[in-house]
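# Coordinate analysis (summary)
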Amino acid sequence: RTLTKLDKENILNKNDELAKKALRILALAYRPINEQKKYTIDSVEKELIFIGLVGMIDPPRDEVREAIKQCQDAGIKVMIITGDHAVTTKAVAQQIGLFKKDDIVLTGADVEKMSDSELERKIEKIRIIARALPIQKSRIVEILQKKGHIVAMTGDGVNDAPALKKSNIGIAMGITGTDVAKEVSKATLTDDNFATIVNAISEGRNIYNTLIRSAKFFLMCNAGEITTVMIAIFLGFPLPLLPLQILMMNILTDNLPALGLGFESGEKGIMKQPPRDPKAKPLTKGIILSIILFGLIMGGGTFFMFTQYLDFSIEKAQTVAFTTLVMFQMFAVFSSRSFKLSLEKLNPFTNLWLLGAVFLSITLHAIVIYWHPMQLAFGTVPLLLIDWLKIVAISSIGFFMMEASK
């Protein structure tokens, strides 16, 4: 029988009812044909007999909800731009905790009617764009970039290629993605799992922090060495360090702990911090100030120890200064494990590489000052227990300063 207006309303209402349950819906219909007659697509797709609706569930992965929460905590905006039905997409977004009360849902047709300025005003509230065309995906990427966002976009089809290429980080699907999508993207998601992207962001933040921590440690140590020598020169004292001693510090006692610092596990709460400004300088004013302050304390403390032993001999004074600088560095590397957490909240055994590097550095230093062939090469003399106690007392000042600054 002919479909009535009421029939069509019932079908559309049922369609919306299924869509609100996050089902993807197909409408099925058929038409008997005369096998002797030739048909074209245009001529055969008419006067179809409606059979019914089929709703298929494509459930979100269990880990996606937690990944979305991590993004929200980290200040990362997540949008869905899809060819699917708006009601279905909204239902999925609600299931994973992505959609909020004030969020906006648009269709590709809505976007087409909006000017760039209007879209720019509303873009922060737009959460879903359904029934989107490829050209509209590219337009959204441009608007987000214009607003200052760093845009990462995922896609799998040939139609996604323009937007993947235009985004700051195009991410192609590794399993379902086409070769074209993979070719224009900067990364490929091998498991097609959104949570993996979030894990990559967390890893990237930790790598960046590790680089800054290592750079800060190096600069603090070098600032202390320079300060020690400069104070002695300005005050007319003998040089507190020999060139070979400085060389050994830069090659071994600086580098070994810094390598161990590179194995530090990620800080807890890294994904609860807002994104850093990409225009911001890696070394902030606070970091530069702490480098200068630590350099002055390290240099001043080392020079003080140097002057206390000049009455014994220049070799003893230089050995004490050399050892004091090394111990300043050993204390500093432990405090450099975190920008925020103090040492009492960090388990020392979570980074055995760092413990091993510090132990090796101190062992090598002990060989230099106690083994006669090395004494001749480096101009050192053996130190007594009381000397070590004084050195540790002075060199720990920098450590306590760094911990207090947290």
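My aim in this report is to walk through the structure given alongside it, one point at a time. (Residues numbered from 1 in each chain as written. Predicted model: local features only at pLDDT ≥ 70, side-chain atom pairs only at ≥ 80, totals over all residues. Heavy atoms only, no water.)

## Some details on the overall build of the chain
- When helices and strands are counted, the chain shows 17 helices and 8 strands.
- Computed over C-alpha atoms, the radius of gyration of the chain comes to 33 Å, more than 25% over the 22 Å expected from 2.2 N^0.38 for 406 residues, which places it beyond the range of a compact globule.
- Over its C-alpha atoms, taken along the principal directions, the chain stretches across nearly 115 × 40 × 35 Å.
- Within the chain, counting contacts between residues at least 6 apart in sequence, those at least 24 apart form 66% of the total.
- With the model as given, the accessible surface of the chain reaches about 23,000 Å², and the carbon-plus-sulfur share is 62%.
- Averaging the positions of the 47 positive and the 40 negative side-chain charges in the chain gives two centres separated by 5 Å. (Helix = DSSP H or I, 4+ residues; strand = E, 2+ residues; numbered from the N terminus. Rg over C-alpha atoms; globule rule 2.2 N^0.38 Å. Contact = heavy atoms within 4.5 Å. Areas by Shrake-Rupley, 256 points an atom, 1.4 Å probe, with all protein chains shown as cover. Lys, Arg positive; Asp, Glu negative; His and termini not counted. Charge placed at Lys NZ, Arg CZ, Asp CG, Glu CD.)

## Quick word on unusual backbone geometry
- In the Ramachandran plot, A22 falls in the positive-phi region, its phi being about 65° despite a non-glycine side chain.
- Tracing the chain through its elements places A22 in the loop between helix 1 (5-19) and strand 1 (23-30).
- Using a relative accessible area of 3% as the deciding quantity, one classes A22 as buried. (Buried < 20%, exposed > 50% of the residue type's maximum accessible area, 1.4 Å probe, protein only.)

## Brief notes about the sheet that holds strand 8 (residues 187-189)
- Spatially, 6-7-8 is the arrangement adopted by the 3 strands of the open sheet, whose pairing is parallel. The sheet terminates laterally at strand 6 (152-155) and strand 8, the two strands that pair on one side only. Strand after strand, the sheet turns through a mean of 30° between neighbouring axes, direction not considered.
- With 3 bridges connecting them, strand 7 (residues 169-173) and strand 8 associate as parallel partners. Across the sheet, A172 pairs through a bridge with T188, a residue of strand 8. (Pairing = 2+ DSSP bridges. Axes fitted to C-alpha atoms, helices over the stretch in contact; angles between N-to-C directions.)

## A look at the nonpolar core
- Of all hydrophobic cores here, the largest spans 42 residues; its most connected members are F217, F294, F322 and V333.
- F322 has contacts with L241, Q245, M248, M249, H365, V368 and T380, leaving out every residue within four places of it along the chain.
- Within the second largest apolar cluster, 19 residues are counted, among which are L106, I129, A163 and L164. (Core = buried A, V, L, I, M, F, W, Y, C linked by side-chain atoms within 4.5 Å.)

## Overview of the packing of helix 11 (residues 243-253) against helix 14 (residues 314-335)
- Where helix 11 contacts helix 14, the two axes come as close as 11 Å, and the packing angle between them is 20°. On the basis of the axis angle, helix 11 is roughly parallel to helix 14. In this structure, helix 11 meets helix 14 at a crossing whose hand is right-handed. In this structure, helix 11 uses Q245, M248, M249 and T253 to contact helix 14, whose residues at the interface are Q318, F322, L325, V326, Q329 and M330.
- Of the residues that constitute the contact of helix 11 with helix 14, the class distribution is 6 nonpolar, 4 polar and no charged. (Parallel < 35°, antiparallel > 145°, perpendicular 65-115°, else oblique. Left-handed = near helix turned anticlockwise from the far one by under 90°. Nonpolar A, V, L, I, M, F, W, Y, C, P; charged D, E, K, R; others polar.)

## Considering the pairing of strand 6
- Residues of strand 6 alternate between two faces, with M153 and G155 buried on one and A152 and T154 left unburied on the opposite face.
- Two strands pair when backbone bridges link them, and strand 6 and strand 7 are joined in this way by 4 bridges, in the parallel orientation. What sits directly across from G155, in strand 7, is A172.
- Between strand 6 and its parallel partner strand 7, the chain crosses via helix 8 (residues 161-166), and the hand of that crossover is right-handed. (Right-handed = clockwise from strand over helix to strand, strands pointing away.)

## A short note on the pattern of salt bridges
- Counted by the stated rule, this structure contains 13 salt bridges.
- E120 is paired through a salt bridge with K146; the nearest N and O atoms lie 3.5 Å apart. With E120 in helix 6 (residues 116-122) and K146 in helix 7 (residues 134-146), the pair connects residues that are 26 residues apart, well separated along the chain.
- Note on K146: relative accessible area 61%, which makes it exposed. (Salt bridge = Lys/Arg side-chain N within 4 Å of Asp/Glu carboxyl O.)

## Overview of the sheet that holds strand 5 (residues 126-130)
- Spatially, 3-5-4 is the arrangement adopted by the 3 strands of the open sheet, whose pairing is parallel. Among the strands making up the open sheet, the edge pair consists of strand 3 (80-81) and strand 4 (104-107).

## Observations regarding the packing of helix 13 (residues 285-308) against helix 17 (residues 385-405)
- Two numbers describe how helix 13 lies on helix 17: the axes approach to 10 Å, and their chain directions differ by 170°. By the angle class used here, helix 13 and helix 17 are roughly antiparallel. Between helix 13, through S290, L293, F294, I297, G301, F304 and M305, and helix 17, the contact on the second element is made entirely by K390, I391, I394, I397, G398, F399, M401 and M402.
- For the contact of helix 13 with helix 17, the per-class residue count stands at 11 nonpolar, 3 polar and 1 charged.

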